[in-house]
Amino acid sequence: TRRRQRIVEVVPPVTNDSLAFTETIGKLYYGEKDNGNLARKMIRYYLEHIRTSYNLNTTHLNQELAEKLARKLNKSKEESAQFVNYLNQQLTAYSLSEIEIKELYQILKKYS
């Protein structure tokens, strides 16, 4: 008695919907003009990326993080220190303009 093999169905690859979800949420906050909240979320997601990709502790945005980030990203210490200070300023800012949100987005893309 011979066994018959069953045909294996082709399963399509899993799509990564997290980027689309993040863009949708970003557009929602941008459309609502809640720029302060949008900036905090953008920075929080960026810091999560730094934690998972480079295995750095990002609970405190200080000089130590700037030095470690400079080594990981091949940037100068001064440039990284300015970047970390900029993130601190944006996190503590009460409100931001649309221009500042776009500038933050460009800076975060530069450091990704």
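A brief structural summary. (Residues numbered from 1 in each chain as written. Predicted model: local features only at pLDDT ≥ 70, side-chain atom pairs only at ≥ 80, totals over all residues. Heavy atoms only, no water.)

**As for the packing of helix H2 (residues 35-54) against helix H5 (residues 98-110)**
Look at H2 against H5: their axes get within 10 Å of each other, and the N-to-C directions meet at 5°. In terms of orientation, H2 lies roughly parallel with respect to H5. When H2 is examined against H5, the residues Asn35, Leu38, Ala39, Met42, Ile43 and Tyr46 are found in contact with a partner set consisting of Glu98, Ile101, Leu104, Tyr105 and Leu108. Here the contact of H2 with H5 is built from residues that sort into 9 nonpolar, 1 polar and 1 charged. (Axes fitted to C-alpha atoms, helices over the stretch in contact; angles between N-to-C directions. Helix = DSSP H or I, 4+ residues; strand = E, 2+ residues; numbered from the N terminus. Parallel < 35°, antiparallel > 145°, perpendicular 65-115°, else oblique. Contact = heavy atoms within 4.5 Å. Nonpolar A, V, L, I, M, F, W, Y, C, P; charged D, E, K, R; others polar.)

**Quick word on the nonpolar core**
Grouped together as the largest cluster of nonpolar side chains are 24 residues, with contacts concentrated most on Tyr46, Phe83, Leu87, Leu104 and Leu108. Residue assignment for this core shows that the elements contributing at least two residues are H2, helix H3 (63-73), helix H4 (77-92) and H5. Not counting chain neighbours up to four residues away, the residues in contact with leucine 87 comprise Ile43, Tyr46, Leu47, Leu61, Leu104 and Leu108. (Core = buried A, V, L, I, M, F, W, Y, C linked by side-chain atoms within 4.5 Å. Buried < 20%, exposed > 50% of the residue type's maximum accessible area, 1.4 Å probe, protein only.)

**Focus on the environment of leucine 47**
Along the chain, the position of leucine 47 falls in helix H2. Between the C-alpha atom of leucine 47 and that of glutamine 89, which follows or precedes it by 42 residues, the distance is 15 Å. When residues no more than four places from it in sequence are discounted, the contact partners of leucine 47 are Thr58, Leu61 and Leu87.

**Side note on the pattern of salt bridges**
For the structure shown, the criterion picks out 4 salt bridges. One salt bridge connects lysine 33 with glutamate 98, and the closest N-O pair in it is separated by 2.9 Å. Of this pair, lysine 33 sits in the loop between helix H1 (18-31) and H2 while glutamate 98 sits in helix H5; the two residues are 65 residues apart in sequence, bridging distant segments of the chain. On the basis of relative accessibility, which here comes to 52%, the residue lysine 33 falls in the exposed class. Take glutamate 98: its relative accessible area is 32%, and that puts it in the partly exposed class. Note that glutamate 64 is salt-bridged to lysine 68, the shortest N-O span being 3.1 Å. With glutamate 64 and lysine 68 both in helix H3, this residue pair falls 4 residues apart, about one helical turn. We classify lysine 68 as partly exposed; its relative accessible area is 33%. (Salt bridge = Lys/Arg side-chain N within 4 Å of Asp/Glu carboxyl O.)

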